[in-house]
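Chain residues, written in single-letter form:
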Amino acid sequence: MKKKLVFFLIGTILFLISLPISTKMVMELIHNQKMNEDYRITNVNEGFPPTESTFNFKDHIVEIKETIKDEESYIVDLSQYFGHKKVKS
């Protein structure tokens, strides 16, 4: 009897812990289904030739503007590790 109670309590605790994560997952699935019903991707910008930034959708003109936010540089500045010494050549 105690063994069943322990398994029940562990299962209940795990279920309650997983609720916040599972509700987000369900909401995302519902959102994705609604978006797939309403929209269809017809053109993906691969860089060249550029995709047009203005198009019509359900009697509306949609204009796309791109904004680069906090572009990260993948070049490592080694001076922070080795100081500002210049190497003589």
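Residues numbered from 1 in each chain as written. Predicted model: local features only at pLDDT ≥ 70, side-chain atom pairs only at ≥ 80, totals over all residues. Heavy atoms only, no water.

### With respect to the overall build of the protein
Consideration 1: On a plain count of helices and strands, the protein comes out with two helices and two strands.
Consideration 2: For the protein, the N- to C-terminal ordering of α and β elements is α-β-β-α.
Consideration 3: Counting over 89 residues, the protein shows a buried share of 0%.
Consideration 4: Approximately 10100 Å² of the protein is accessible, and the part contributed by carbon and sulfur atoms is 62%. (Helix = DSSP H or I, 4+ residues; strand = E, 2+ residues; numbered from the N terminus. Buried < 20%, exposed > 50% of the residue type's maximum accessible area, 1.4 Å probe, protein only. Areas by Shrake-Rupley, 256 points an atom, 1.4 Å probe, with all protein chains shown as cover.)

### Some remarks on a nonpolar patch on the surface
Consideration 1: Taken together, the side chains of Val6, Ile10, Ile13, Leu14 and Ile17 define a hydrophobic patch exposed on the protein surface, amounting to about 490 Å² of accessible area.
Consideration 2: By secondary structure assignment, the location of Leu14 is in helix α1 (residues 2-38). (Patch = residues over 30% accessible without salt bridge, like charges linked within 9 Å, V, L, I, M, F, W, Y side chains within 5 Å. Salt bridge = Lys/Arg side-chain N within 4 Å of Asp/Glu carboxyl O.)

### Describing unusual backbone geometry
Leaving glycine out, the prevailing phi sign among residues is negative, and the prevailing peptide bond configuration is trans.
Consideration 1: Residue Asp59 is not a glycine yet carries a positive backbone phi of 65 degrees.
Consideration 2: When you line up the elements, Asp59 lands in the loop between β1 (54-57) and β2 (60-63).
Consideration 3: Classification of Asp59 as exposed rests on a relative accessible area of 84%.

### Here's the deal with the pairing of β2
Consideration 1: Pairing between β1 and β2: four bridges, direction antiparallel. Residue pairing for β2: Asn56 is matched across the bridge by Ile61.
Consideration 2: Where β1 folds back on β2, the antiparallel hairpin that results is connected by two residues, among which Lys58 adopts a positive phi of roughly 50 degrees. (Pairing = 2+ DSSP bridges.)

### Structural notes on α1
Consideration 1: Over its 37 residues, α1 runs 53 Å from end to end, which matches the ideal 54 Å to within 8%, given 1.5 Å per residue.
Consideration 2: Along α1, the sharpest kink reaches roughly 45 degrees, centred on Leu19 and followed within four residues by the proline Pro20. (Expected span 1.5 Å × (residues − 1). Bend = angle between axes of the 7 residues up to and from the residue.)

### Considering the confidence of the model for the protein
Detailed reading of predicted coordinates is not advised where the pLDDT is low.
Consideration 1: When pLDDT is averaged along the protein, the result is 77; 64% of the residues meet or exceed 70.
Consideration 2: Confidence, read as mean pLDDT per element, is least for helix α2 (residues 79-82) in the protein (64) and greatest for α1 (89). (pLDDT = per-residue confidence, 0-100.)

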